[in-house]
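What follows is the residue order along each chain.
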Amino acid sequence: MTQSTTTAGSPSPGGTGRELAADDPKNASKGQDLPVRAKAAWLVATVVVLGLVCAASLAIGARGMSLETVWQALTQFNPDEGNHAVVHTRIPRTVLGLVAGAALGLAGAAMQGVSRNPLADPGIMGVNAGAALAVVAGIYLFGISGASGYIWFAFVRAAAAALVVYLIASLGRDGATPVKPAFGGGALSAGVHPLR
């Protein structure tokens, strides 16, 4: 009975030794620490910048306030203090901005992921043109005059435009490659633009 022991430096009988070198914990950790640390640093920097932007959103307006006043209004609210009341009226604006930004970022990431094209955006993909056409059609054909009516026409037609672009891009031998949705969206935008 022979016992075979191989180390990372000596090749195995049927291999080159590289397969063991990759499994060695000393070698495996060297290349992975830096990207994780870099990602953590970017995450911390992003959170700090987001906090500063939120503080600026609460402090800047028709009536400017110091960050100290904003902090006092958030931690020790006094309803008799006018500046505190102003800060509390700005909170919904800040939260709405955060939610809208997150939704737009998620929509952009989803569009880029589905199309497999890092340049994909609603303008290139024809979604904006479809939504604008629906708003114009809603005003002209149905007499819609309020924003609550516009949004439903725009939402349905934007989804329909995205579906049409994807169907156009799916045509052909290779299916929906990353370039075809951009061309399909450009064609749809060019065709819809004169109708707006």
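Cut-off values and rules
Residues numbered from 1 in each chain as written. Predicted model: local features only at pLDDT ≥ 70, side-chain atom pairs only at ≥ 80, totals over all residues. Heavy atoms only, no water. Helix = DSSP H or I, 4+ residues; strand = E, 2+ residues; numbered from the N terminus. Buried < 20%, exposed > 50% of the residue type's maximum accessible area, 1.4 Å probe, protein only. Contact = heavy atoms within 4.5 Å. Areas by Shrake-Rupley, 256 points an atom, 1.4 Å probe, with all protein chains shown as cover. pLDDT = per-residue confidence, 0-100. Axes fitted to C-alpha atoms, helices over the stretch in contact; angles between N-to-C directions. Parallel < 35°, antiparallel > 145°, perpendicular 65-115°, else oblique. Left-handed = near helix turned anticlockwise from the far one by under 90°.

1. Structural notes on the overall build of the chain
Then, number 1: The helix and strand tally for the chain stands at seven helices and zero strands.
Then, number 2: In the chain, the succession of α and β elements from N to C terminus is α-α-α-α-α-α-α.
Then, number 3: Burial status across the chain gives 21% buried among its 196 residues.
Then, number 4: Here the analysis covers contacts within the chain between residues at least 6 apart in sequence; of these, 44% occur between residues at least 24 apart.
Then, number 5: Summing over all exposed atoms, the chain offers an accessible surface of approximately 13,600 Å²; the carbon and sulfur share of this is 69%.

2. Notes on the confidence of the model for the chain
Then, number 1: The pLDDT averaged across the chain works out to 80; a share of 82% of its residues lies at or above 70.
Then, number 2: Predicted confidence is poor over residues 17-22, with pLDDT under 50, and the contacts of this stretch with residues over four places away or in other chains come to 11 contacts.

3. Quick notes on the packing of helix α5 (residues 127-142) against helix α6 (residues 147-170)
Then, number 1: Where α5 contacts α6, the axes come no closer than 7 Å and their chain directions differ by 135°. Taken together, the axes of α5 and α6 are oblique relative to one another. Between α5 and α6 lies a crossing whose hand is right-handed. In this structure, α5 uses Val 127, Gly 130, Ala 131, Leu 133, Ala 134, Val 135, Gly 138, Ile 139 and Phe 142 to contact α6, whose residues at the interface are Tyr 150, Phe 153, Ala 154, Arg 157, Ala 158, Ala 161 and Ala 162.

4. Digging into unusual backbone geometry
Then, number 1: Backbone geometry places Arg 116, a non-glycine residue, at a positive phi of 55°.
Then, number 2: Considering the arrangement of structural elements, one finds Arg 116 in the loop between α4 (82-115) and α5.

5. Points about the side chain of Thr 94
Then, number 1: Within the element layout of this structure, Thr 94 appears in helix α4.
Then, number 2: For Thr 94, a relative accessible area of 9% gives the class buried.
Then, number 3: Not counting residues up to four positions away in its chain, the partners in contact with Thr 94 are Cys 54, Ser 57 and Leu 58.

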